[in-house]
Amino acid sequence: MAPALAHAQTGLPDRALRIIIGFAAGGGSDVMARLIAAALERRIGRRITVENRPGGTGAAAGEALKIGGTDGSMVAFMPSPSLIAKLFVPTYPIDPLTDLAPITIAGTFVEAFAVSPKVDVSTVAEYVEWLKAGEPGRNKVGTTATDAMLQYYTRLLSREFGVPMEGQAFRGTAPLVADMEAGKVPAGVAGLTSFLVAHRGNRLRILATSGSKRVSVAPDLPTAAEAGYPGLTMEEWYGFFAAANTPPPLVDAWNQALVAVLKDKEVIERLSQLGLEVETSTPAACGERLAAHMKKWQATLQGLGLRPTL
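This report concerns the structure included in the present document.

Cut-off values and rules
- Residue numbers here run from 1 along each chain, matching the order of that chain's written sequence.
- In view of the model being predicted, local features appear only for residues whose pLDDT reaches at least 70, and side-chain atom pairs are presented and counted only at 80 or more, with totals across whole chains, interfaces and linings using the full set of residues.
- Based on all heavy atoms of the structure, the side-chain values leave hydrogens and waters out of the count.
- A helix here means a DSSP run of H or I that spans at least four residues, while a strand means a run of E at least two residues long, and both kinds are numbered starting from the N terminus.
- Exposure categories follow from relative accessible area, calculated using a 1.4 Å probe and restricted to protein chains: below 20% of the type maximum is buried, above 50% is exposed, and the middle band is partly exposed.
- Any two residues whose heavy atoms approach within 4.5 Å at even a single point are treated as in contact.
- Here the open area of atoms and residues is found with the Shrake-Rupley method and a 1.4 Å probe, where only the protein chains shown may cover a residue.
- Charge counting follows a simple rule: Lys and Arg are positive, Asp and Glu are negative, and His as well as the terminal groups are ignored.
- By convention, the charge on Lys lies at NZ, on Arg at CZ, on Asp at CG and on Glu at CD.
- Residues belong to a common nonpolar core when they are buried Ala, Val, Leu, Ile, Met, Phe, Trp, Tyr or Cys residues joined through side-chain atoms within 4.5 Å.
- In summary, the pairing rule links any two rings of Phe, Tyr or Trp, Trp by its six-membered ring, whose centres are within 6.5 Å, and it sorts them by plane angle into stacked for under 30 degrees, edge-to-face for over 60 and tilted for everything else.

**Things to note about the overall build of the protein chain**
Alright, step 1. Looking only at helices and strands, one finds 12 helices and 10 strands in the protein chain.
Alright, step 2. C-alpha extents for the protein chain along the principal axes are approximately 70 × 40 × 30 Å.
Alright, step 3. Relative to its full complement of 310 residues, the protein chain shows a buried share of 53%.
Alright, step 4. Restricting the contact set of the protein chain to residue pairs at least 6 apart, pairs at least 24 apart contribute 76%.
Alright, step 5. For the protein chain, the exposed surface amounts to about 13300 Å²; the carbon and sulfur share of it is 52%.
Alright, step 6. Averaging the coordinates of the 30 positive side-chain charges in the protein chain and doing the same for the 29 negative ones gives two points 2 Å apart.

**With respect to the environment of threonine 193**
Alright, step 1. Residue placement: threonine 193 occurs in helix H9 (residues 192-200).
Alright, step 2. Note: C-alpha distance between threonine 193 and glycine 45 (148 residues apart in sequence) is 28 Å.

**Observations concerning the nonpolar core**
Alright, step 1. By size, the foremost hydrophobic cluster in this structure holds 52 residues, and its most contacted members are Phe113, Tyr127, Tyr152, Phe161 and Phe241.
Alright, step 2. Apart from the residues within four sequence positions on either side, phenylalanine 113 is in contact with Tyr127, Val141, Leu157, Phe161, Ala187, Gly188, Val189, Arg205, Ile206, Leu207 and Ala208.

**Details of the packing of aromatic side chains**
The relative placement of two aromatic rings is captured by the distance of their centres and the angle of their planes.
Alright, step 1. One pass over the full model with this rule turns up 10 aromatic pairs.
Alright, step 2. Between phenylalanine 77 and phenylalanine 240, the ring centres sit 4.8 Å apart and the planes meet at 35°, which makes this aromatic pair tilted. Here phenylalanine 240 lies in strand E9 (residues 235-243) and phenylalanine 77 lies in strand E3 (residues 74-79), a separation of 163 residues in the sequence. Here the two residues phenylalanine 77 and phenylalanine 240 agree in accessibility, since each one is buried.
Alright, step 3. Ring centres 5.1 Å apart and planes at 65° place the aromatic pair phenylalanine 113 and tyrosine 127 in the edge-to-face group.

Structure representation (structure tokens):
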């Protein structure tokens, strides 16, 4: 009777429930998804499985929804960079605006610009001065982004720093951090949620974050604007999504369950320690955020001389 009771209480499907993420275990998305899943399990009394489907863009999570049907038993936890990757990758497997049913925003996060501990600088200005010293290889910057997104980052940093940058793509945060720690890559860009633990462990040194204000979890870190580079200001977000055409009552049931969990004080505190500023929304507001974000990024790419695929 327990599964039937849980279904009656939550409106969620009476079958195995899954949260899909498009990244490997151990990264920022994985840690946050498992934290939220554990809290949701406690709330509804049912098992929630977190399933990793790693790929270069994180698109595999959305693709799983597209293929997996609309019974509402599976949702994806996706960061906005994975969604806007559609603008960079002609072969991107989904259209976020038509293949996904928004459930709720989960929170906002910022990007972090960091350097290897082998690089003896403590500010962005010092890094740029070091960069311009001219030794070969100093202009290399690593990121977990796709090749197309990497082109965006290198163009943006080249414009801001006044030095042609050379990008290097990594298939996950772990290998990027390892190469930065060893001094193989002098600098890197990733979500704050991915770099924060390594920064605290002195495996790399975050010089600035991309937000419009300092983050509460690391108030000592200056924003890019404070560091003298307002052109590097950007904010991203995480959301939960179901497959397109999922019946609205199921979308609403997931929204109610997830919003309740995300408003829990302990969950908010633990996610904030990972660099996520929790925020929730209605399904409609999440969809509006997605559409506006895609439109904003289209204009940004065009401003850098890059042609979006939409």
